[in-house]
Amino acid sequence: GPQGAAADVPGAAAVAPHPAMPGVPPPAPESDIRVPPAPLPSGGPNEGSPPGSAAGTGSPPASFPPYDVAGSGDLSIRRFVLCKDVKDREPVEPARSFRRSRDGRIWVFLDAANAGSETRKLAVSFESSTRPGARTPPLALEIPPAPRHRTWAWATAFRPPGAYDAVVRDEAGAIVARGRFEVTD
């Protein structure tokens, strides 16, 4: 079952907003998402890092685009990492490929800065790239006003093999970070 900010739902249809996040709309249907990839500066925090580093995932498979990291208003995403675990508030084993397993987890790690005076609420979902509309219910994360705040969410890796996107949305439903990954047998 869910633990902390986790969900064990292996891909479900869009649902009502997360009860811990009043006012956050459910994700838009795939056909309504019109977010261009956010440009990443050369040598940015999620690009070109050696495999196994906390800053990125090295070179993803050729079919995987770099992470899209946009931020939103006073919120900036310093690091966005898909990984196999989080220990001591840092990502462990950054990955873009996860084995299908009942006890395996897919972690989304965020290192963010909130220059505003209000806590920002984010919603993380895991969405199938091959089955439109198949996604987990949103997982709630909060970013308090601070120059640095690390947080994370996870879902099980027990889902049909295929391509997925880990998507982070702000209170208005705008995508602030997205990363493609695959689940294999």
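This is a predicted model, so every value here is computed, not measured.

**Things to note about the packing of aromatic side chains**
- Enumeration over the complete set of coordinates arrives at 6 aromatic pairs.
- For the pair Phe98 and Phe181, a centre-to-centre distance of 5.7 Å together with 85° between the ring planes defines the contact as edge-to-face. Taken together, the residues span a long stretch of sequence, with Phe98 in strand β5 (residues 97-99) and Phe181 in strand β11 (residues 175-184) at a distance of 83 residues. Pair check on accessibility: Phe98 and Phe181 agree, each one buried.
- Counting every residue linked through ring pairs, the aromatic cluster contains Phe98, Phe126, Tyr164 and Phe181.
- The positively charged end of Arg102 is found above the aromatic ring belonging to Phe158, 4.1 Å away from the centroid.
- It is Arg105 that lies over the ring of Trp154; its NZ or CZ is 3.7 Å from the centre.

**Things to note about the pairing of strand β4 (residues 90-94)**
- By the bridge criterion, 4 bridges tie strand β3 (residues 75-87) to β4 in an arrangement that is antiparallel. Across the sheet, residue Lys87 finds its bridge partner in β4, namely Glu90.
- Where β3 folds back onto β4 in an antiparallel hairpin, the turn is made up of 2 residues, including Asp88, whose phi is positive at roughly 50°.

**Digging into unusual backbone geometry**
- One non-glycine residue, Arg89, lies in positive phi territory at about 65°.
- Tracing the backbone shows Arg89 in the loop between β3 and β4.
- Here Arg89 falls in the partly exposed class, since its relative accessible area comes to 39%.
- The phi torsion at Glu93 lies on the positive side, around 55°, for a residue other than glycine.
- Tracing the chain through its elements places Glu93 in strand β4.

**Focus: the nonpolar core**
- The biggest cluster of nonpolar side chains holds 28 residues, and the ones touching the most others in it are Phe80, Val108, Phe126, Val168 and Phe181.
- Broken down by secondary-structure element, the contributors of at least two residues to this core are β3, β6 (105-114), β7 (120-128), β8 (139-143), β9 (146-156), β10 (162-169) and β11.
- Beyond its immediate chain neighbours, meaning those up to four positions away, Val108 contacts Phe80, Val81, Leu82, Val124, Phe126, Thr151, Trp152, Ala153, Ala166 and Val168.
- One finds Val81, Val86, Trp107 and Trp154 within the second-largest nonpolar core, a separate group that totals 6 residues.

About the thresholds
Residues numbered from 1 in each chain as written. Predicted model: local features only at pLDDT ≥ 70, side-chain atom pairs only at ≥ 80, totals over all residues. Heavy atoms only, no water. Phe/Tyr/Trp six-rings, centres within 6.5 Å; stacked < 30°, edge-to-face > 60°. Helix = DSSP H or I, 4+ residues; strand = E, 2+ residues; numbered from the N terminus. Buried < 20%, exposed > 50% of the residue type's maximum accessible area, 1.4 Å probe, protein only. Lys NZ or Arg CZ within 6 Å of the ring centre and 35° of its normal. Pairing = 2+ DSSP bridges. Core = buried A, V, L, I, M, F, W, Y, C linked by side-chain atoms within 4.5 Å. Contact = heavy atoms within 4.5 Å.

The analysis is restricted to geometry; functional conclusions fall outside its scope.
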